[in-house]
Amino acid sequence: MDEGMAASARYHGTSRSLGFALLALIACARSTAETTAPSEPPAAEFSVDEKRERVENYLNGLVEQSRLRGRVLIRGPDFEMDWSSGPSLDVIPLGSLTKQFTAVAILQLVAEGALQLDGPIAPYLPHAGPVGDATFRQLLSHRSGLPPEIPDEFAPTRRDLYKVAEAAADASLRSEPGTEHLYSNFGYSLLAHVVEEVSGQPWCERLASALFQPAGMSNTSCCDRARKSVSVGHTLGPAGDLMPQPNPDFPALAGAGDVCGSAEDLINWTHVLSADSLLPAEFRTQMRTRQAADHPYGMGVFVSSFGDRKLIQHTGALPGLRTLYLHYPEDGVTIILLSDLAPVPLAEVEEVLSSIVFQSSYVAPSPISLTTEPMSPELDSRLSGNYHLAGDPSQTILIEATESSLVILDDGVRSELQKLEGEQVLLIVETKETISYTLPAEGPVRELVYHTVEGWNAPFVRLDSPSQ
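Residues numbered from 1 in each chain as written. Predicted model: local features only at pLDDT ≥ 70, side-chain atom pairs only at ≥ 80, totals over all residues. Heavy atoms only, no water.

We now examine the packing of aromatic side chains. Applying the stated rule across the entire model yields eight aromatic pairs. Seen from their ring centres, phenylalanine 101 and phenylalanine 212 are 5.3 Å apart, and the 90° between their planes marks the pair as edge-to-face. Here phenylalanine 101 is found in helix 4 (residues 98-111), whereas its partner phenylalanine 212 is found in helix 8 (residues 203-212), with 111 residues between them in sequence. For the pair phenylalanine 101 and phenylalanine 212, a shared accessibility class is recorded, and that class is buried. (Phe/Tyr/Trp six-rings, centres within 6.5 Å; stacked < 30°, edge-to-face > 60°. Helix = DSSP H or I, 4+ residues; strand = E, 2+ residues; numbered from the N terminus. Buried < 20%, exposed > 50% of the residue type's maximum accessible area, 1.4 Å probe, protein only.)

Now the structure itself:
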């Protein structure tokens, strides 16, 4: 599949994520690639008005395509902009943007001498288990070996994060601590437990007193589903109507995705954190440094680049909600996106807005027309089967042929598949996402790549593949 077709999944409709595995994939968007910018600037610099017009045209185009509804706030020494569409998002669940707050809460305790960054987690578990040898640095950088989510048999609540510690002590590790990156909400909830144990304060009270109040973040706190002012997420229904999505059980996401806040508060957070009033400079530097050569994660944030500019970044994904945090520390530029409509092409947004702000050449993306062709019984047969997410056999999809069509069964939802004309690519009719496949000389298809509208690619392999 060529690059244009591979990118086509960014330009369409709504998205039904493949459970929390793909939400984690969205949240760790910068797992492998860097954003590149042309080395040569355009011949003529943009004026402030031209920058503003370019940003507005791009974001308004996303609104017209039903790929964004929310707010974008840009702050820098030479350019500021506040754009919005739809209702005011005064307070919105931030998803995995929460992780940088958790990282600072832990690093504050390290700075106070209450924790050792390279010390084991074992003393804070109810009994020693495989994860006990993992260090706080490894937990903060997603290298503890813990699986992505807490097992279903445990039901942690904000009032009892001790259950998270019990689950961690009994958990089977996916890899030895420190050996590989595995994005883990579970690990960050365990860090929230440690904050409670060491500080002597409940998790949410500690965040408020040690982080949010000193930073002047008056609209930021642990999420409360009872607060009417907290935005809920939306997806698009078959007729293009907005479908509200229930907010998750926020206490069960403590430390990993349980904070609600505003765009202004995220700007305040960046200013205060950069001024060393929340965290000594040496620990902020470690937080914003890659913790392993093979992955761009620091502690609570991704550490990447746009061209030759250092970029501190994270995304957040909850049902019907998307958030994006971009901070260029050496340029003093911060870009915040909050949307109560999913999906949003977050990778594309990052590249386009950064290009405009820094006056790099770019080609504004445009929708791609997708033309389908009839399926054949022989192709239906070769595609049919069970596939699992590479690296996570628990996340599966089923493709099967019915009397009238080829369908995909994903998390209990059945959707029709159609073949794109002239390509080894399937279109998911309901979501307008795409699945590319490699057709072997003979026999069934062994590998698929699920292209999400957000702009990331999830590889799947057939369950009975000899290589597995």
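Let's pick the thread back up.
Glancing now at unusual backbone geometry. Here serine 66, not a glycine, exhibits a phi torsion of approximately 60°, which is positive. For serine 66, a relative accessible area of 26% gives the class partly exposed. Phi at aspartate 276 takes a positive value of approximately 70°, unusual for a residue other than glycine. Structurally, aspartate 276 can be placed in the loop between helix 9 (263-274) and helix 10 (281-287).

In the structure shown here, the tally under the stated rule is two disulfides. Two residues share a disulfide in this structure: cysteine 223 and cysteine 260, whose sulfurs sit 2.0 Å from each other. On the S-S bond that ties cysteine 223 to cysteine 260, the torsion sits near 115°, and the link is right-handed. A residue pair is termed long-range when its members are at least 10 positions apart, and cysteine 223 in the loop between strand 4 (221-222) and strand 5 (233-236) and cysteine 260 in strand 7 (residues 259-261) qualify at 37 residues. The pair cysteine 223 / cysteine 260 is uniform in exposure class, with both members buried. Here the protein chain pairs its bonded cysteines, counted in sequence order, in the arrangement 1-2, 3-4. (Disulfide = S-S within 2.5 Å.)

With that settled, consider helix 8. The element helix 8 is largely enclosed, with a buried count of seven among its 10 residues. Regarding helix 8, the residues found buried are Trp203, Cys204, Arg206, Leu207, Ala210, Leu211 and Phe212. Buried residues of helix 8, viewed axially, fall in a sector of 155°; they line one side. Here the buried face of helix 8 lies against helix 4, helix 7 (185-199), strand 4, strand 7 and helix 9. (Arc of directions from axis to C-beta. Contact = heavy atoms within 4.5 Å.)

Another aspect to go through is the side chain of lysine 51. Relative to the assigned elements, lysine 51 resides in helix 3 (residues 48-64). Polar contacts involving the side chain of lysine 51 include one to the main-chain carbonyl oxygen of valine 357, which spans 2.9 Å. (Polar contact = N/O pair within 3.5 Å; in protein donor to acceptor, adjacent residues only side chain to side chain.)

Along its 15 residues, helix 7 runs 21 Å from first to last C-alpha, staying within 8% of the 21 Å computed at 1.5 Å per residue. Taken together, the buried positions of helix 7 are Asn185, Phe186, Gly187, Tyr188, Ser189, Leu190, Leu191, Ala192, His193, Val194, Val195 and Glu196. Looking at the buried residues of helix 7, the elements they touch are helix 4, helix 5 (136-140), helix 6 (162-170) and helix 8. Sitting at the amino-terminal end of helix 7 is serine 184, which places a side-chain oxygen 3.4 Å from the backbone nitrogen of phenylalanine 186. Of the residues flanking the end of helix 7, it is glycine 200, one or two places downstream, whose phi is positive at about 80°. (Expected span 1.5 Å × (residues − 1).)

If you trace the three strands from one edge of the open sheet to the other, you get 3-7-4, paired in antiparallel fashion. Two strands close off the open sheet at either side, each with one partner strand: strand 3 (92-93) and strand 4. One ladder, built from two bridges, connects strand 3 with strand 7; its direction is antiparallel. Considered in strand 7, the bridge of proline 93 is made with cysteine 260. (Pairing = 2+ DSSP bridges.)

Take the pattern of salt bridges next. Tallied over the full model, the rule gives 14 salt bridges. One salt bridge in this structure joins arginine 206 and glutamate 112, with 3.6 Å as the shortest N-O distance. Separated by 94 residues along the polypeptide, arginine 206 in helix 8 and glutamate 112 in the loop between helix 4 and helix 5 bring together distant segments of the chain. Put simply, Arg71, Asp82 and Glu264 are held in one network by salt bridges that share partners. (Salt bridge = Lys/Arg side-chain N within 4 Å of Asp/Glu carboxyl O.)

Moving on, we come to the confidence of the model for the protein chain. When the pLDDT values of the protein chain are averaged, the result is 84; 84% of them are 70 or greater. For the stretch residues 38-43, pLDDT sits under 50, and the model shows seven contacts to residues farther than four places along the chain or on other chains. (pLDDT = per-residue confidence, 0-100.)

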